[in-house]
Amino acid sequence: MKLQCPRSRIGPLGSRTHLLGTPHTLAAPPHVPVALFLPPPSSSSLTATGRSRLSHAVGRRRSAEGRGNPPRISAGEASRAGERFAPSVGSELRLHREIAIAVAAAASPPTLRDRYQLRRSSMDPARTSLGRMLLDEITPAVMVLGTPLVEEACRKNGLSFVEMLSPFCGFSNIDVPVRTASDQPYRLQKFKLRLFYASDIRQPDLQVANERLKEVITQAGEKDLSNLSSDLPQVDELLSRSESEILPSWFEFFNKELIRTMSFSDHEAFDHPVACILVVSSKDEQPINRFVDLFNGDQLPSLLNDGVMDPKILKLYLLVHDNQDGAPEKATKFLNEMKSTFGSNSSQLLCINSSQGGLVEHLQNPWAPFKTDASPTHRLGCFLNIDDFNEIKNLMQDLASKHVIPYMEEKVRVLNQQVSATRKGFRNQIKNLWWRKGKEDTPDASNGPVYTFSSIESQIRVLGDYAFMLRDYELALSNYRLISTDYKIDKAWKRYAGVQEMMGLTYFMLDQSRKEAEYCMENAFNTYLKIGPTGHQNATRSGLWWVEMLKTRDQFKEAAGVYFRIPGEEPLHSAVMLEQASYCYLLSKPPMLRKFGFHLILSGNQYKKSDQIKHAIRTYRRAISVLKGTTWSYIQDHVHFHIGQWYSFLGLYDSAVSHLLEVLSCGHQSKTTQEFFLKIFLQTVEKTGKACEVMRLPLPVINSSSLKVVFEDHRTYASPATAGVRESLWQSLEEEIVPSLPTARSNWLEVQSNYISKRNKDSNICIVGEAIKVVIEFQNPLQISIPLSDVSLMCELYARSDDADSEANSSTAELQNDEATKLNVDRFMNSDMSSFALSNVEFTLEGGGRKMVQLTVTPRVEGTLKIVGVKWKLSSSVVGFHNFVTTSMKKIQKGRKKNKQSPADNLKFVVVKTVPRLEGFIRSLPEKVYTGELQQLTLELNNKSDLSVKNLKMKISHPRFLNIGNLNMDFPACLEKKTNGVEQTLLEPHTSNVLPNVFSFPEDTKIQKASLSTALYGMLYNLEVFPSLDVSFQISACPYTLEEFLVQMDVVNKTSSKNFQIHQLSLIGYQWEISLLQPTDSIYSSPTLMSGQAFSCYLMLKKRKRLDSSEGNGSHGCSLTVSDIRLSTEGAGGMMYDTSLSPLKDFHNVERLQHGKSLEGDSNAVDFVLLSRPLNRETDPGVSDLPSLFSHHECHCSVSSTSPISWVVEGPQLIHHNFSTSFCEVTLKMTLYNSADAAASVRINTLESSRNDGAQSSDASTLASGNQAGWHNVSLDSDIKVTSDVSGIRMKPLSSDSVSPFVWTGSSSTKVQLPPLSTLGIPLQICVFSPGTYDLSNYILQWSLVLPDDQGNDGKTRPSSGTCQGYTYYLTVLQST
């Protein structure tokens, strides 16, 4: 089986085109003979060693095949064999190295190393940017010496002689055979010559070179002038582009010009002329003599005269004939003389200007890149036709292929022989080292030793440079290595750095060791810098080549570091280097965006120092895209401010204003900086010479979230504060005022609904002639004050016939914010201002201040009104606009959630005709009041419309604090009691005590003018309430009586300066009455309750004696009564107030409802009302001085315990009995009371007493534990003395070991049914067997309520059953005589 390896077709510059698939896709099955067919290289393409290595590798595989194994050539063997394929012949020979690797890959699966080598081999260094630069810049130089008549003939075409030949000095496919120093042939495909006048072969003047570079940069800036105001691409867009699209196009040209400023250095040979062209015109007299005079005169460059260059260079004699001067017969004659004198190969004739009339126009002018100072209207080469073109082209190709290349080839061969004879070999190397021994100890010189062109060091350098220009990179590298050591020992540091520089470039062109190439470039760069200022220019060139080398290998981050290290004595050069470094950071992986932006800013700063304003603007603008979204506020301010200043300097004031706007809102800057920014901005605006209108003026800041719209449709407001109340509160008040029946017209809006189009159904409604108020907050982010004037709204009002147009104009919501703002401003400026009136406000915002500003618009005609934004004027020079962002309001179908709308959604109105309008206020309303203070106020209403108003209704949000009274009452005299009775009935049973939610004015109340529909008027008042009296009550049951309770009242005066007189206490409940336990005079230490003073008093609360004899009827059928007691010290003649009268009754009912309960039907709860009067007049201006009364209400005070069953045991406390005759029987009565609303089942269980529980000792410690249940022994020896009427007789106490001292008689368990709210008596009896004191608490009372099925606990916390231990009841029985 045979596998054909794909062959390659050789193209220009070593390019290849694969004819078949990739080589590594070929594979052979195991145990199958394989024959490898290599592309047949020419015999000159392989060295003997290369052939033997490859043959040896294949031979070994064939021997393996003989043993039955499949032949395989490893990639390493083939690669090593290929590396020896004529390594000194450049890119053509590298092709065969690639083929060797491809063959190895076809024979065995590719390894990772093989693939890496394939990738590297596919990159031809000559095709990279650095390779192209080296092929253009390091090429043979040709010196030109000509007569003035030659230049005169060429200037007819607007060109010099060198400019005329320059386009034809580059050859892309010259195809010249060349032999290396070791006689290895190869062919040159691409070649270039550089032509220079002899006067230009010198080191350029530094000042002139800098001016040339400045001109290059300035011209590049002029080309970019049109792009200064255009939008630059963002960072994300830049990252998606290639390197050539990102970098400015003039960078490459600038770098080449910068490298050319270091031409013709004395330590390098590639700029030394290889040949000299002597040019004489056919019009010159005695042309032969002119040729001799040209080279022997004083026109030769100083490098030749100083001995730096070899004067024995190739000479070519050229005779130029101008066809405009006649036929070339004379020139032909001169040519023959030249050939006889100088030789036929060195003599040439060039005829030019063959076109008659100079009318030739070249569509693609080849001289334009070489003629930088040509006038755009001048036609270059106008006398040169196609024949002249071909003749010039042939001349230059012959010069290169037949003269320059062969001469250089021969020169290389001769020099190589000389160097080999003197420096190569072990003996020569030892000799050289011995000769240079001791030079290490010599001090460093500024320029090092001087080497003439005849020295062996100069010859080695010339050999290396010639070999480099002829693409023999291996020979060049070997000679560079050889001379590098000599220069280092001689301390010729500049020459040493130059050799290191060329070694790095040679490594790169050989595509060999990257580390060696980078090491040599870095070594050259650092050495140039160490030399000092004389080496900085060369360091710049070395750095630029090093950068290109790193960029070729995608080492952009390292390349940026080299750019940063390139010395920049001139700020302009530093600016360009910094800008190129910034793009390297952008192209690195991953992109280093912050360093990209930072270096752009550094570059722009250097451009500004060099007066390159346009480039500074370009770099700063490019950095803006990086700074967006960052917190680098100071850097952003720096960039925008300087861009604005530079635009202003160029006269682009609109662009300057747009950037200066970005720094106005700089609250983070110092006060001085803020003043400076604002001053520059206003000065720039003034320079525009026109009214400056800014769509997004950042001063002041408009807080859109604070936007509030106050307008009056069916509801009007008494004050701006009223309009600020939440909408839900007004809606809750309106629900019961506005009729809800479908047939009733709720308000005048329904009257107008027929006139409103469907598309405006979601719009608000306003009234002609009534102002719409917009409240919005203005904020000053600066520390300095800013004056604002002409602050007003921007509105549009369309008549009803124009609604369609206004709807079409509503499409602005679909535009961007800036575009919508501009469109709204244009409409506002062009709208009819007579259809509405706007308010203008002028104010000054202090530093860091905020101000809520109210702006109004008053429509004058009916139609559709839109409030689109607000405008203002800053410092009386800049008009700012702010657009209220609105979203279209959509109708929400049933079941869908309504979208949340912004405050700006309320800015569209339908303007309708005049409607009823009320105004009102409360007269004498104080700003400050005390808790519990009662005052009489007056509400006044006024009709401001042309329509009458009737059927007025009113609802109050807090009836607990404000209620409706009688206009004609005399307060507080209207509350005085008319009788002296203590109790009065407030309400009949089963009647409601709740105030109506809505107060209706009397039907005859009418504010004159004719009637129409319903309108609403809202009022809001804020009161500051101070504490007055703190009143609390504690109720505890009496243990020895039923339905009696002890009440403790505590009163504290919490005011700071007010004194009170406690006047009266009223009790409200079902058949309860209250009384004092002590006289009134003994309650107070002083008749006045001073500020901060407190007092307590005790009262008795008990059930009132019923007039009927019925029991068990509960509260039903009973009246809610009031019991009053006087607490003042005025005596019996003092006035008392009736709490059953309004407004005391109304406020008390509201207080009951405030707790969510009603007193009706609850006989176990009472209310207290404490009335007091202030004693001193009020001095505070905010407090009313009108007559007032203080009332404090304590509602729902419970008079029941946790158990609904209470009882009391009644009977004798002391009995005398003669136990000698019989035991003592004692009859008791237990009275039960059921305070519950349900019937109760009660069981009384009596317990037996033990022997030790009989008599109780009257010892104090024992009596103190009287709360314990059961019987206890009481010692009668010490406390109870039983005497007898019989003298001398003394009774002995019974022994403690005797029987129980007393027992319960009768039934041990008694069960009774107790109706609700009823009392029942049960008789009890005991038998006492001995004298003593006994505790009759050894019984248990078990109870349970009989509740209906649907009642349960009725939400109460009291239990429905329980067990109670008997109360302590002491009975003392004494022995009688």
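Residues numbered from 1 in each chain as written. Predicted model: local features only at pLDDT ≥ 70, side-chain atom pairs only at ≥ 80, totals over all residues. Heavy atoms only, no water.

**Details of the overall build of the protein**
Piece 1. When its secondary structure is counted, the protein shows 35 helices and 55 strands.
Piece 2. Across the 1377 residues in the protein, those meeting the buried criterion constitute 49%.
Piece 3. Partitioning the contacts of the protein with sequence separation of at least 6, the portion at a separation of at least 24 is 77%.
Piece 4. Carbon and sulfur atoms form 51% of the exposed surface of the protein, whose accessible area is close to 67,400 Å². (Helix = DSSP H or I, 4+ residues; strand = E, 2+ residues; numbered from the N terminus. Buried < 20%, exposed > 50% of the residue type's maximum accessible area, 1.4 Å probe, protein only. Contact = heavy atoms within 4.5 Å. Areas by Shrake-Rupley, 256 points an atom, 1.4 Å probe, with all protein chains shown as cover.)

**Considering the sheet that holds strand E46 (residues 1214-1217)**
Piece 1. The strand order across the open sheet built from 3 strands is E46-E55-E52, with neighbouring strands paired in mixed fashion. Two strands bound the open sheet, and with one partner strand each, they are E46 and strand E52 (1332-1335). The mean angle between the axes of side-by-side strands here comes to 25°, regardless of whether they run parallel or antiparallel.
Piece 2. Note that E52 and strand E55 (residues 1370-1375) share 4 bridges and pair antiparallel. Pairing of aspartate 1335 across the sheet is with tyrosine 1370, part of E55. (Pairing = 2+ DSSP bridges. Axes fitted to C-alpha atoms, helices over the stretch in contact; angles between N-to-C directions.)

**Looking at the sheet that holds strand E49 (residues 1302-1305)**
Piece 1. With antiparallel pairing, 4 strands are arranged side by side in an open sheet as E45-E47-E51-E49. The open sheet terminates on both sides in strands that have one partner only, identified here as strand E45 (1205-1210) and E49. For this sheet the average axis-to-axis angle between neighbouring strands, irrespective of direction, equals 30°.
Piece 2. As paired strands, E49 and strand E51 (residues 1318-1328) are joined by 4 bridges and run antiparallel to one another. Within E51, the residue paired with valine 1303 across the bridge is cysteine 1327.

**Notes on the packing of helix H24 (residues 593-609) against helix H25 (residues 613-627)**
Piece 1. Between H24 and H25, whose axes approach to 8 Å, the crossing angle comes to 160°. As far as their axial angle goes, H25 and H24 are roughly antiparallel. Helix-helix and strand crossings are classified by hand; for H24 and H25 the assignment is left-handed. In this structure, H24 contributes Leu593, Arg594, Phe596, Gly597, Leu600, Ile601, Ser603, Gly604, Asn605, Tyr607 and Lys608 to the contact, and H25 contributes Ile613, His615, Ala616, Arg618, Thr619, Tyr620, Arg622, Ala623, Val626 and Leu627. (Parallel < 35°, antiparallel > 145°, perpendicular 65-115°, else oblique. Left-handed = near helix turned anticlockwise from the far one by under 90°.)

**A few points about unusual backbone geometry**
Piece 1. Geometrically, the link from lysine 589 to proline 590 is a cis peptide bond, its omega value of -5° lying close to zero.
Piece 2. On the secondary structure map, proline 590 appears in the loop between helix H23 (571-587) and H24.
Piece 3. Following serine 1142, the chain continues to proline 1143 via a peptide bond in cis, the omega torsion being 5°.
Piece 4. Looking at the secondary structure, you find proline 1143 in the loop between strand E42 (1120-1126) and helix H34 (1144-1154).

**Section: the state of the cysteines**
Piece 1. Enumeration over the complete set of coordinates arrives at 0 disulfides.
Piece 2. There is no disulfide at cysteine 1195, and the cysteine sulfur nearest it, in cysteine 1197, is 7.6 Å away. (Disulfide = S-S within 2.5 Å.)

**A short note on the packing of aromatic side chains**
For any pair of aromatic rings, the description rests on two quantities: the centre-to-centre distance and the angle between the ring planes.
Piece 1. Evaluated as defined, the whole model comprises 29 aromatic pairs.
Piece 2. Where tyrosine 317 meets phenylalanine 342, the ring centres are 3.9 Å apart and the plane angle is 15°; that geometry is what we call stacked. In this pair, tyrosine 317 sits in strand E12 (residues 314-322) while phenylalanine 342 sits in helix H14 (residues 329-342), placing the two residues 25 residues apart along the sequence.
Piece 3. When the ring of tryptophan 1304 is compared with that of tyrosine 1339, the centres are 6.3 Å apart and the planes differ by 80°; the resulting orientation is edge-to-face. With a gap of 35 residues between them, tryptophan 1304 in strand E49 and tyrosine 1339 in strand E53 (residues 1339-1346) connect regions that are remote in the sequence. (Phe/Tyr/Trp six-rings, centres within 6.5 Å; stacked < 30°, edge-to-face > 60°.)

**Points about the environment of tyrosine 197**
Piece 1. Tracing the backbone through its elements, the reader meets tyrosine 197 in strand E10 (residues 194-197).
Piece 2. Between the C-alpha atoms of tyrosine 197 and valine 142, which are 55 residues apart in sequence, the distance is 8.5 Å.
Piece 3. Every residue in contact with tyrosine 197, bar those within four places of it in the chain, is listed here: Val144, Glu151, Ser160, Phe161 and Val162.
Piece 4. A distance of 3.3 Å separates a polar side-chain atom of tyrosine 197 from the backbone nitrogen of valine 162. (Polar contact = N/O pair within 3.5 Å; in protein donor to acceptor, adjacent residues only side chain to side chain.)

**As for the confidence of the model for the protein**
Piece 1. Scored by pLDDT, the protein has a mean of 74; 71% of the residues are at 70 or more.
Piece 2. Contacts from residues 987-996, a stretch scored under 50 in pLDDT, to residues over four places away or in other chains number 12 contacts.
Piece 3. Every residue in residues 1107-1117 scores below 50 in pLDDT, and together they form 10 contacts with partners more than four places removed in sequence or on other chains. (pLDDT = per-residue confidence, 0-100.)

**Topic: helix H6 (residues 148-155)**
Piece 1. Taken together, the buried positions of H6 are Val150, Glu151, Ala153 and Cys154. Buried residues in H6, looked at end-on, bunch into an arc of 160°, giving them a common side. Away from its buried face by more than 90 degrees, H6 exposes Pro148 and Arg155.
Piece 2. Looking at the packing, one finds that the buried side of H6 touches helix H7 (161-165), E10, strand E11 (273-281), E12 and strand E13 (347-352). (Arc of directions from axis to C-beta.)

**Here we look at the pattern of salt bridges**
Piece 1. This structure, assessed with the given rule, holds 27 salt bridges.
Piece 2. Between glutamate 579 and arginine 618 there is a salt bridge, with its nearest N and O atoms 2.3 Å apart. In this pair, glutamate 579 sits in helix H23 while arginine 618 sits in helix H25, placing the two residues 39 residues apart along the sequence.
Piece 3. For arginine 1152, the salt bridge goes to aspartate 1167, with nearest N and O atoms at 3.0 Å. With arginine 1152 in helix H34 and aspartate 1167 in strand E43 (residues 1165-1174), the pair connects residues that are 15 residues apart, well separated along the chain. The pair formed by arginine 1152 and aspartate 1167 is uniform in burial state, with each residue classed as buried.
Piece 4. A single salt-bridge network, built from bridges that share partners, covers Glu137, Arg212, Glu215, Glu257 and Arg260. (Salt bridge = Lys/Arg side-chain N within 4 Å of Asp/Glu carboxyl O.)

**A word on the packing of helix H19 (residues 493-510) against helix H20 (residues 514-531)**
Piece 1. Two numbers describe how H19 lies on H20: the axes approach to 8 Å, and their chain directions differ by 155°. The orientation of H19 relative to H20 falls into the category roughly antiparallel. Every pair of crossing elements has a handedness; the one defined by H19 and H20 is left-handed. Across from Trp493, Lys494, Tyr496, Ala497, Gly498, Gln500, Glu501, Met503, Gly504, Leu505, Tyr507 and Phe508 in H19, the residues of H20 making contact are Glu516, Ala517, Cys520, Met521, Asn523, Ala524, Thr527, Tyr528 and Ile531.
Piece 2. Taken together, the residues of the contact of H19 with H20 sort by class into 13 nonpolar, 5 polar and 3 charged. (Nonpolar A, V, L, I, M, F, W, Y, C, P; charged D, E, K, R; others polar.)

**Overview of the environment of asparagine 526**
Piece 1. Its location among the elements puts asparagine 526 in helix H20.
Piece 2. For asparagine 526, a relative accessible area of 23% translates into the label partly exposed.
Piece 3. Considering only alpha carbons, one finds asparagine 526 and alanine 539, 13 residues apart in sequence, at a separation of 7.6 Å.

**Let's talk about a nonpolar patch on the surface**
Piece 1. Together, Leu1046, Leu1077 and Tyr1098 make up an exposed nonpolar region whose accessible area comes to about 250 Å².
Piece 2. Here leucine 1046 lies in strand E38 (residues 1044-1053). (Patch = residues over 30% accessible without salt bridge, like charges linked within 9 Å, V, L, I, M, F, W, Y side chains within 5 Å.)

**Some details on the nonpolar core**
Across soluble globular proteins, nonpolar side chains have a tendency to be buried as a group.
Piece 1. In terms of nonpolar packing, the biggest core is built from 143 residues, with Phe161, Met164, Leu193, Met396, Phe468 and Leu505 touching the most fellow members.
Piece 2. It is helix H15 (residues 386-422) that contributes the most residues to this core, 13 residues altogether.
Piece 3. The residues contacting leucine 505, other than those within four sequence positions of it, are Leu130, Leu134, Ile138, Phe468, Met521, Trp545 and Met549. (Core = buried A, V, L, I, M, F, W, Y, C linked by side-chain atoms within 4.5 Å.)

**Regarding helix H11 (residues 250-260)**
Since the α-helix packs 3.6 residues into each turn, any two residues three or four apart lie on the same face.
Piece 1. Of all 11 residues making up H11, 8 are buried, and the element is well covered by its neighbours.
Piece 2. Burial in H11 covers these residues: Trp250, Phe251, Phe254, Asn255, Lys256, Glu257, Leu258 and Ile259.

**Focus: the side chain of aspartate 1167**
Piece 1. For aspartate 1167, a relative accessible area of 0% gives the class buried.
Piece 2. Within the structure, the side chain of aspartate 1167 is placed 3.0 Å from the side chain of arginine 1152, a separation counted as a polar contact.

**Here we look at the environment of proline 1027**
Piece 1. Mapped onto the secondary structure, proline 1027 falls in the loop between strand E36 (1024-1026) and strand E37 (1029-1037).
Piece 2. Relative accessible area serves as the criterion here: at 43%, proline 1027 is assigned to the partly exposed category.
Piece 3. Between the C-alpha atoms of proline 1027 and threonine 1055, which are 28 residues apart in sequence, the distance is 6.0 Å.
Piece 4. Excluding its chain neighbours within four sequence positions, the residues that come into contact with proline 1027 are Tyr930, Thr931, Lys1054 and Thr1055.

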